[in-house]
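# Inside the fold
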Amino acid sequence: MTMQWTGHSGATSYKITATPKTSPERSFFVHFSGDTVMGSVNSLSPNTVYTMHLEAMDDALNVLSSAETEELTAPEVPSIEQAYSKHSDSITVEFAEVVGATSYILRAVSQSHDFFSETTVSSSPGTVMKLRPYTHYKLSIMSVNAGGRSQPSYPITVRTVVMAPMLNSTSPDDDTILVSWSPVDYAVLYSLCVIQQGSISRVKVNTTDNSVTFDDLEAGTTYCIKGTAWDSEGRVGDDLTVCQITRPPSPDVIHVQVTQGRSLGIAVYWVFVQGAEEYLAWTTNGQNCTTTANNYCYISAVTCGQNHSVSVTAFNSAGPSNPSPPADYVTYPCPPDNVWVEEPHAGNCSVMWDEVPLVEFYMTFIKRDDGIEKLCNTTGSSCHFFCMCGYTYLTSVFPYNQAGSSPYAHVQNYTTVPCCPEDVSLESISTETMEVTWSPVKGAELYETTAVLADEAIRCNDTEPVCALSDLSCNAIYSVIVTPCSELRGCNRTCMSHAHETAPCAPDIVNMTQSNQSSYRVLLTAPNDQNTNYTVTAVGRYDTHTCHGRNNSCELMELPCGSTYEVTAVATKTSGMSLTGYSKVLETGPCCPESMNVNQVTQAVTNVTWSVGHGAHSFIAMLTSPRGHAKCHTMDMHCLMGCITCGTNYSVTLEAISSTGHMSECKYHGFSSGACCPTNVKLYRWANNSLRVYWRTSWSAQVQQHVVELYGTVANYTCLAAANKTYCDIQEETCGDVYKVVAAPVGADGVKVSFCQQRTYSVPCKGFNAALVISRGRRSIK
């Protein structure tokens, strides 16, 4: 055991004492002189705990200082039992384990001393790695514990074996595997062992060559080959195993189907084969598809009209199998490029097309634009069908063969000429305009309407089934044709014409003459034939009057007075009504007022009033008698007339005049002016406190009674005098009063004349016979 310490100042020697802890009586000591700081104690027992005591001494062997520690000695040296090499890069050592060792160190030194390694192992056996093939090595072993490692054991020399051959395997076909390798140094023989995966049978081959071929193997099967090399001493070297699968067998194509869809393709089906990892289907025109999981695949973008074959090859890591026998297939036939429709006669149509190869028959679809469809199956290149006017037909031709039909076809549109309208309606909406209407017809995009009269033709083009032909001649017969047209087929010129008579021409009013007070005869022009009816209409503000006639005149009757009418004439026939002719104004005479009143205001003045006279603008009122007449002209409905003779009978007339000068003469009941007022009225005091009123009368008033009225400040008095009397007596109650006296004749109706003059008298008491006239009243005509 070796100890190391730090030197003590002044010490000239050191003493180490080693005492076993379990056997104190077996102590060892070693004396070291000089200034050394390390020393060893030998002959100690292995794997034993010792108490180590160190003393520093001077020249006189006096102890200057001391120290003590416990240490464990290394275990015993192990011995190698055997060593051998099974791999070219390692040697395995078997040794006898020793007590107290916690691990072991294998030391390997190459014979050429260019390699040294120590490998720690926990127990026997131990293996030294990373060695060179077929090389001699000296091997020794040491045991290790906490106290350190033991001395190396006695070395032995062992050589590593040769390395394994590096096998390369291939499968050139589905029953053969070829194994080859590069020569191995120091190898004189090679052994190969072949085992089929999943089998317990083995095949062994020894050879001095560098390749071996294994025949008659199963296709698509994995084989594992183990290869070893032998050296000249008969020692077997490393082994290396490689696994190789043979190529798969050739698959058989069981079905080829042409697929439908947006793009034409074929589906290829085959039988699964053993060991295949991938399949490739390829056609003779260079198209292919692959799959790893299915027994089918699709080749898309196949063109129509092809006749080719397809084969399938299976693949695995060894390579491809032999191709399967080719399977022939035919794709759908191509649709004909040129399709057209011919219509040699109306309604007799044929779909025509160019023939295409690889076709067994053609299926033609003819679909009308209202949804009706017809099928035609033929081996030829045409198909006949009935085609109606005004329809668009969509035709498509699908060729068929054993693969089916073409997935698409060119659609050919064919439109027949539009049909002629059958329910044409002609109606005159004026003398110059005719409206033509009809129901829409199939195929028509535009309608051409023509109205022909002699060399004159009027046309109207419109997309709607209605047309208004203007600027026509009145009272004429036109030939009207409605021609339907389409952009694709043009116009159908076979439609029949329709005759239509326009409305009559408008008549003009020549003049209007008054037949009687309420009737007027209207004279017209006659621009139409004799079968024309004429209607004259007089339209007023409040009423309308008409008359009818076949000749050139008619009579308007019972026209009210005071009215203004707009008179027009119109002609009618079965073909319609003419325009209204130019109007003329007819004015009837103004109406006479329904009532007229004459009121006498004074003895010589009357107030004449009348009711409204419709249409009258001014009036002339006249009172006429043999003794004279009175007249006034006014725009009012009243006037005052003077110069009236009292007690006279007058005839009453009124002339109503319109603003244009039309006059109506109106007659009314006569008017009698009132009796003449008495004159020279006197008031006398009479006997017995009575008063007498005296007057004079005209000849016309002598036969009438007179009434006398006295209005005093104290009392009022009235007396009635009989006819032919010229006075009237009144009994006064109080004398000396002032009286207002009125004496007036009384008419046959008992009404007194109201316009006689009033006089005022002052009557004194007895002693005076005559009254004093104070004033004579004046009567206002207002």
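Preceding this section is the structure that the text describes.
Described below are features of the structure shown in this document. (Residues numbered from 1 in each chain as written. Predicted model: local features only at pLDDT ≥ 70, side-chain atom pairs only at ≥ 80, totals over all residues. Heavy atoms only, no water.)

### Digging into the nonpolar core
To be explicit about the condition: Each nonpolar core is a collection of buried residues, namely Ala, Val, Leu, Ile, Met, Phe, Trp, Tyr and Cys, held together in the definition by side-chain atoms within 4.5 Å. For every residue, the accessible area obtained with a 1.4 Å probe (protein chains only) is divided by the maximum for its type, and the residue is called buried under 20%, exposed over 50%, and partly exposed between those limits. We count a stretch as a helix when DSSP gives it H or I for four or more residues in a row; a strand needs E for two or more, and each element gets its number in order from the N terminus. Whether two residues touch is decided by their heavy atoms; if any such pair falls within 4.5 Å, the residues are in contact.
Residues V256, I266, V268, W270, A281, V310 and V312 are the most contacted members of the largest nonpolar core, which totals 22 residues. Among the secondary structure elements, those contributing two or more residues to this core are β22 (253-259), β23 (265-270), β24 (278-283), β26 (296-299), β27 (307-316) and β29 (327-330). When sequence neighbours within four positions are dropped, the list of residues in contact with V268 reads V253, H255, A281, N295, Y296, C297, V310 and V312.

### Quick notes on the packing of aromatic side chains
Note the threshold: Aromatic contacts are taken between Phe, Tyr and Trp rings whose centres are within 6.5 Å, Trp giving its six-membered ring; a plane angle under 30 degrees counts as stacked, one over 60 as edge-to-face, and the others as tilted. Lysine and arginine charges are scored as sitting over a ring when NZ or CZ, respectively, is within 6 Å of the ring centre and within 35 degrees of the ring normal.
Counted under the stated rule, the structure contains 16 aromatic pairs. Between the aromatic rings of F365 and F398, the centroid separation amounts to 5.4 Å while the plane-to-plane angle is 90 degrees, which identifies the pairing as edge-to-face. Residue F365 is found in strand β32 (residues 361-368), and its partner F398 is found in strand β35 (residues 392-401); the two are separated by 33 residues along the sequence. Here a set of aromatic residues connected by ring pairs shows up, and it is made of Y269, Y296 and Y298. Between R368 and the ring centre of Y391, over which it is positioned, the NZ or CZ distance is 4.1 Å. In this arrangement the basic side chain of K725 is found over the ring face of Y727, its NZ or CZ atom lying 4.7 Å from the centre.

### Looking at the pairing of strand β30 (residues 339-345)
What counts here: Criterion used throughout: strands pair if DSSP finds at least two bridges between them.
Pairing analysis gives five bridges linking β30 to strand β31 (residues 348-353), with the strands arranged antiparallel. Along β31, the bridge assignment pairs V339 with W353. In this structure, the hairpin formed by β30 and β31 is closed by a connection of two residues, where G347 is found at a positive phi of approximately 90 degrees.

### Quick word on a nonpolar patch on the surface
Cut-off, in case you're wondering: Residues qualify for a patch when their relative accessible area is over 30% and they have no salt bridge, like charges being joined within 9 Å and the nonpolar side chains of Val, Leu, Ile, Met, Phe, Trp and Tyr within 5 Å. All accessible-area figures derive from a Shrake-Rupley calculation using a 1.4 Å probe, and residue coverage is judged against the displayed protein chains alone. Salt bridges are identified by distance alone: a Lys or Arg side-chain nitrogen within 4 Å of an Asp or Glu carboxyl oxygen.
Where nonpolar side chains cluster on the molecular surface, the patch consists of Y684, W686 and Y694 and spans about 290 Å² of accessible area. Relative to the elements of secondary structure, Y684 occurs in strand β61 (residues 679-686). Residue Y684 is classed as partly exposed on the basis of its relative accessible area, which comes to 30%.

### Here's the deal with the pattern of salt bridges
Throughout the structure, instances matching the rule amount to 16 salt bridges. For E343, the salt bridge goes to R489, with nearest N and O atoms at 3.5 Å. Here E343 is found in strand β30, whereas its partner R489 is found in the loop between β43 (477-486) and β44 (490-491), with 146 residues between them in sequence. Using a relative accessible area of 24% as the deciding quantity, one classes E343 as partly exposed. Close ionic contact of E448 with R493 constitutes a salt bridge, the shortest N to O distance being 3.0 Å. Taken together, the residues E448 in strand β40 (residues 446-453) and R493 in the loop between β44 and β45 (497-501) connect sequence positions 45 residues apart. Residue E448 is classed as buried on the basis of its relative accessible area of 16%. We classify R493 as exposed; its relative accessible area is 55%. When salt bridges with common partners are traced through the structure, they connect R159, D231, E233 and R235 into a single cluster.

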